[in-house]
Amino acid sequence: MNKSSPLLLSFVLASLAALAPFAIDTYLPAFPALAQDLDGTTLQLQQSLTAYLLPYALMTLWHGALSDSIGRLAAIRWGLGIFAVASIGCALAPDVETLWFFRAVQGASAGAGNVVARAMVRDLFDGVAAQKVMAQVQMIFGLAPAVAPIIGGLLLGIHWQAIFIFLFLYALAAMLAAQLVLPETMPPDKRVPLSAKQVATSYRQLFSDTQFIRLVVAFGANFAGFFVYVLASPVFLINHLGLNEHQFGYMFVPTVCGMVLGSYLARRAAGRFAAQKIIRFAYGWMASAVLLNIAVCIWLPANPLFNIAPIALYNIGMALAVPVMSIAALDRMPRLRGTAASGQAFVQMLLSTVSAGLLIPLLWHSPLGLALGMAAYLLLGWLCARKSVVWQQPVV
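Residues numbered from 1 in each chain as written. Predicted model: local features only at pLDDT ≥ 70, side-chain atom pairs only at ≥ 80, totals over all residues. Heavy atoms only, no water.

> Where do I start with the overall build of the protein in this structure?
Scanning the protein for helices and strands turns up 18 helices and zero strands. Here the protein has a C-alpha radius of gyration of 20 Å; the compact-globule value for 396 residues is 21 Å, and the two agree. Dimensions of the protein along its principal axes, counting C-alpha atoms only, are 55 × 45 × 40 Å. Scored against the burial criterion, the 396 residues of the protein give a buried share of 60%. Considering only contacts in the protein between residues 6 or more positions apart, those separated by 24 or more positions represent 86%. (Helix = DSSP H or I, 4+ residues; strand = E, 2+ residues; numbered from the N terminus. Rg over C-alpha atoms; globule rule 2.2 N^0.38 Å. Buried < 20%, exposed > 50% of the residue type's maximum accessible area, 1.4 Å probe, protein only. Contact = heavy atoms within 4.5 Å.)

> How do you make sense of the packing of aromatic side chains when you look at a structure like this?
Two numbers describe a pair of aromatic rings. These are the distance of the centres and the angle of the planes. This model, assessed by the stated rule, comprises 13 aromatic pairs. Centre to centre, the rings of Tyr 203 and Phe 207 are 6.0 Å apart; their planes meet at 25°, and the pair counts as stacked. Of this pair, Tyr 203 and Phe 207 are both found in helix H10 (residues 196-207), four residues apart, which corresponds to roughly one turn of the helix. Its relative accessible area of 10% is what places Tyr 203 among the buried residues. Taken together, the aromatic side chains of Phe 22, Phe 166 and Tyr 170 make up a single cluster linked through ring pairs. Arg 103 extends its terminal NZ or CZ atom over the ring of Tyr 27, reaching a point 4.1 Å from the ring centre. (Phe/Tyr/Trp six-rings, centres within 6.5 Å; stacked < 30°, edge-to-face > 60°. Lys NZ or Arg CZ within 6 Å of the ring centre and 35° of its normal.)

> Any chance you could explain H10 here in plain terms?
Because the α-helix completes a turn every 3.6 residues, residues three or four places apart line up on one side. Here H10 is 12 residues long and its end C-alpha atoms lie 16 Å apart, about the 16 Å a rise of 1.5 Å per residue gives. By the burial criterion, the buried members of H10 are Val 199, Ser 202, Tyr 203 and Leu 206. With its buried residues spanning 95° around the axis, H10 presents them on a single face. In H10, the exposed residues that point more than 90 degrees away from the buried face are Lys 197 and Arg 204. (Expected span 1.5 Å × (residues − 1). Arc of directions from axis to C-beta.)

> Please explain the side chain of Asn 222 as it appears in this structure.
As for its placement among the helices and strands, Asn 222 is situated in helix H11 (residues 210-231). Among residues more than four places away in sequence, those in contact with Asn 222 are Tyr 283, Met 286, Tyr 314, Met 318, Ala 321, Met 325, Leu 378 and Gly 381.

> Would you explain the packing of H11 against helix H17 (residues 367-385) in this entry?
Angle between the axes and distance between the axes are the two parameters that describe a pair of packed helices. Two elements in contact, H11 and H17, have axes whose closest approach is 7 Å; the angle formed by their N-to-C orientations is 170°. Classified by the angle between their axes, H11 and H17 sit roughly antiparallel to one another. Helix-helix and strand crossings are classified by hand; for H11 and H17 the assignment is left-handed. Residues Arg 214, Val 217, Ala 218, Ala 221, Asn 222, Ala 224, Gly 225, Phe 226, Val 228 and Tyr 229 of H11 lie in contact with H17, whose contacting residues are Pro 367, Leu 370, Ala 371, Met 374, Tyr 377, Leu 378, Leu 380, Gly 381, Cys 384 and Ala 385. When grouped by side-chain class, the residues that make up the contact of H11 with H17 number 16 nonpolar, three polar and one charged. (Axes fitted to C-alpha atoms, helices over the stretch in contact; angles between N-to-C directions. Parallel < 35°, antiparallel > 145°, perpendicular 65-115°, else oblique. Left-handed = near helix turned anticlockwise from the far one by under 90°. Nonpolar A, V, L, I, M, F, W, Y, C, P; charged D, E, K, R; others polar.)

> Sorry, what's going on with a nonpolar patch on the surface here?
Nonpolar side chains collect at one region of the surface, where Ile 298, Trp 299, Leu 300, Leu 305 and Phe 306 lie side by side and expose about 560 Å² of accessible area between them. Within the residue set of the nonpolar patch, elements represented by two or more residues are helix H14 (275-299) and helix H15 (304-330). Along the chain, the position of Ile 298 falls in helix H14. Taking relative accessible area as the criterion, Ile 298 reaches 47% and is therefore assigned partly exposed. (Patch = residues over 30% accessible without salt bridge, like charges linked within 9 Å, V, L, I, M, F, W, Y side chains within 5 Å. Areas by Shrake-Rupley, 256 points an atom, 1.4 Å probe, with all protein chains shown as cover. Salt bridge = Lys/Arg side-chain N within 4 Å of Asp/Glu carboxyl O.)

> I'm lost on the nonpolar core in this one. Help?
Judged by nonpolar contacts, the single largest core of 139 residues is most densely connected at Ile 76, Leu 182, Tyr 229, Phe 236, Tyr 283 and Tyr 314. At 15 residues, H11 tops the list of elements feeding residues into this core. In this structure, Phe 236 is in contact with Tyr 229, Leu 241, Met 251, Asn 307, Ile 308, Ile 311, Pro 367 and Leu 370, ignoring residues within four places of it in sequence. (Core = buried A, V, L, I, M, F, W, Y, C linked by side-chain atoms within 4.5 Å.)

> What should I look at first to understand the side chain of Thr 26 in this one?
Within the secondary structure, Thr 26 is located in the loop between helix H2 (19-25) and helix H3 (31-37). Note on Thr 26: relative accessible area 0%, which makes it buried. Reaching out from Thr 26, the side chain makes a polar contact with the backbone oxygen of Phe 22 at a distance of 2.4 Å. Other than its neighbours up to four places away in sequence, Thr 26 contacts Pro 21, Ala 148, Pro 149, Ile 151, Gly 152, Ile 163, Phe 166 and Leu 167. (Polar contact = N/O pair within 3.5 Å; in protein donor to acceptor, adjacent residues only side chain to side chain.)

> Can you help me understand the packing of H11 against helix H13 (residues 249-269) in this one?
The interhelical angle for the contact between H11 and H13, taken along N-to-C directions, is 165°, at an axis separation of 12 Å. Judged by the inter-axis angle, H11 sits roughly antiparallel to H13. Every pair of crossing elements has a handedness; the one defined by H11 and H13 is left-handed. Facing H11, whose interface residues are Phe 226, Tyr 229 and Val 230, H13 presents Met 251, Phe 252, Thr 255 and Met 259. Its residues placed into classes, the contact of H11 with H13 shows six nonpolar, one polar and no charged.

> Just to check I follow, could you spell out the environment of Leu 351 for this structure?
Checked against the element boundaries, Leu 351 lands in helix H16 (residues 337-363). The spacing of Leu 351 and Tyr 377 is 26 residues in sequence and 9.2 Å in space, taken between C-alpha atoms.

Next comes the structure, spelled out in structure tokens:
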């Protein structure tokens, strides 16, 4: 067994999970430049997010099952290797349609790191320790959405192609770190044969568990409430708040600071408070932030400080709830943690995909529309969470 410290393990697992937000957020500041160079429209560039997210959501159903079959590290190598090649394809894209294609390939492979990282946390740690490490991973992972658009803005000063070269190098570095630091937590004697029939049987078992469905939908809806703003950020920040492509950090730094603070509080709360108390407090906090957000949009003029602060506050509650809900969902199927992690990531990204392709273009015409979108997702999350095991009874 690898003797790496929990902090180093958390850092590498977080770097694997962070590949997905890096692949989304780094190129957002480049939308105007991409539209000009590839002769596309804002809507066409927005659909490159859908081209990434839909295959991402679909393939998350396989990444965990694959890691249950061939091992965690092999699944990481395959996923990140394909992602690296697709990143070069994006950098060389001559038109929007080619960009869509390689973004789809990126999406199909990027989830391997995220899914396998979640499963490995639960493979390596138990109980309160698992909650603490999951919170630590989330805290480090939470920095990605803040750093990514800033890096993207800096690389845009070279050329938008430099952004995809960066993603290529990131994938290779993360793959190497995983190989050097992470132990193989799925030994051959515990692996499950991979077949379409076996995968279908596993998912039928998984999604027949009502508690699992409630937990993962609540988890995904909470995240989607924030992700509405991530996906709409080119329009929200530039058109409504008057910022430019080099000022995306005005939103991502404070909102991710909120996420990091919430993850820190989750780590401190693990073992001190019952999961029931943590979840109820988190939803009360998120609801207060949503109401503040709506009030700001109705009664105050559009302003970066007024409109971004409620999103950052929301993220504190969202991140506070993540470790408890994620661990509870993974524990529903102890023998199929890779598959359970895939199911969790699939639901999360499916909601984000619906946002990118359908809801965001309907909501981004005003800050109030986006605020109502956040409120709707929070309501969905609360309706599911309040009937889940972590809401109804104390879980330490």
